[in-house]
Amino acid sequence: MEEQSVKQCCATFYGSDFARMLLGDSFHPGGTRLTGRLGELLALSPESHVLDVASGRGTSALHIAETFGCRVTGIDLSEENVSLASADASQRGVIGQVAFQLGDAERLPFENDSFDAILCECAFCTFPSKSVAASEFYRVLKPGGQLGLSDLTRSEAEIPGLEGLLSWIACIGDALPEERYVATLQRAGFHISRTEDHSHALVEMVRQIQAKLLGAEIMAGLKKIDLPGVDFATGRQFAQAALQATSSGVLGYIVIAATKP
Ligand SMILES: C[S@@+](CC[C@H](N)C(=O)[O-])C[C@H]1O[C@@H](n2cnc3c(N)ncnc32)[C@H](O)[C@@H]1O
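What you are looking at is a predicted structure, and each value in this text was computed from that prediction instead of being measured.

1. Things to note about the sheet that holds strand β2 (residues 71–76)
1) Next: An order of β3-β2-β1-β4-β5-β7-β6 is seen for the seven strands of this open sheet, with the pairing classed as mixed. Only two strands of the sheet have a single partner each, and these edge strands are β3 (98–102) and β6 (191–197). The mean angle between the axes of side-by-side strands here comes to 15°, regardless of whether they run parallel or antiparallel.
2) Next: Sheet strands in contact with helix α3 (residues 31–41) are β4 (115–121), β5 (141–154), β6 and β7 (251–259), and its direction is about 25° off that of β7.

Structure representation (structure tokens):
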């Protein structure tokens, strides 16, 4: 698939009501608990201006703004997500502190040395050119600035049942082993300060998705909800394959903290 189609496909899926039904508002394993952990690792404070790359529905940006008092700019490729996140910020009365805009992680619309910290959760693995995104992160961070990334890892090239379009959408298609993320960030100039394994959060998330898929299938069968075009059989197989891969350690979830010297 062409790079632009991959990005748009991911943005369309994560802008959909179906994604929200399955994942809730926080589109990554560990939810706001893990976002809070990243905020601690980044040592966020009211003086920090943070860029949330691929900010989704804005849940993490709003969470760190409220928890650490920092200013946050979120960018995302999905117009739907940007508009929902902006509406949420307005509703919570934090418009001056948190803002969202449309943008591509591989072409960040910001000047060099603009931010004290960058957050990027469950999205780096979907970027077709991770080295370009890493260089962009480096460029827009101030010297001494911190990057906090959480992402899926995969240890094998082929995972039966998880290949193809669906796996691109679910971020798994182009996930890498931890050492390759680390090497990509180091090549961009980052110093790695910490890595943490949070694979248990991924297992928990896949179990929740399985339960929600089952619930949605029952409701659709009873004609209580209308989900046109949703293929429950494929969804079920996919969730089962993902659970097997996470339980056996082929798929995982990690946190990486890095510094721009
Ligand atoms: C799995 S969701 C994660 C969203 C958010 N970080 C969270 O954890 O709730 C992936 C997000 O990446 C966005 N995205 C995908 N490719 C992107 C790109 N090249 N630039 C900016 N956002 C992108 C999608 O629109 C989607 O909102």
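2. Re unusual backbone geometry
1) Next: The phi dihedral of A54 is positive, around 65°, even though this residue is not glycine.
2) Next: Looking at the element boundaries, A54 is found in the loop between β1 (49–53) and α4 (59–68).
3) Next: Looking at A54, the relative accessible area reads 25%, which means it is partly exposed.
4) Next: Although it is not a glycine, D113 sits at a positive phi angle of roughly 55°.
5) Next: Structurally, D113 can be placed in the loop between β3 and β4.
6) Next: By relative accessible area, D113 is classed as partly exposed at 39%.

3. A few points about the environment of Y253
1) Next: The topology assignment puts Y253 in strand β7.
2) Next: Using a relative accessible area of 0% as the deciding quantity, one classes Y253 as buried.
3) Next: Separated by 225 residues in sequence, Y253 and H28 have C-alpha atoms that sit 9.6 Å apart.
4) Next: At 2.8 Å, the side chain of Y253 and the side chain of S150 are in polar contact.

4. Here's the deal with the packing of α3 against α4
1) Next: It is at 10 Å that the axes of α3 and α4 come closest, and there the two elements cross at 55°. Put simply, α3 runs oblique to α4. The element α3 and its partner α4 pack so that their crossing is right-handed. From α3, T32, T35, G36, G39 and E40 reach across to α4, where they touch T59, S60, H63, I64 and F68.
2) Next: Classifying every residue of the contact of α3 with α4 gives two nonpolar, seven polar and one charged.

Reading the values: rules and limits
Residues numbered from 1 in each chain as written. Predicted model: local features only at pLDDT ≥ 70, side-chain atom pairs only at ≥ 80, totals over all residues. Heavy atoms only, no water. Pairing = 2+ DSSP bridges. Helix = DSSP H or I, 4+ residues; strand = E, 2+ residues; numbered from the N terminus. Axes fitted to C-alpha atoms, helices over the stretch in contact; angles between N-to-C directions. Contact = heavy atoms within 4.5 Å. Buried < 20%, exposed > 50% of the residue type's maximum accessible area, 1.4 Å probe, protein only. Polar contact = N/O pair within 3.5 Å; in protein donor to acceptor, adjacent residues only side chain to side chain. Parallel < 35°, antiparallel > 145°, perpendicular 65-115°, else oblique. Left-handed = near helix turned anticlockwise from the far one by under 90°. Nonpolar A, V, L, I, M, F, W, Y, C, P; charged D, E, K, R; others polar.

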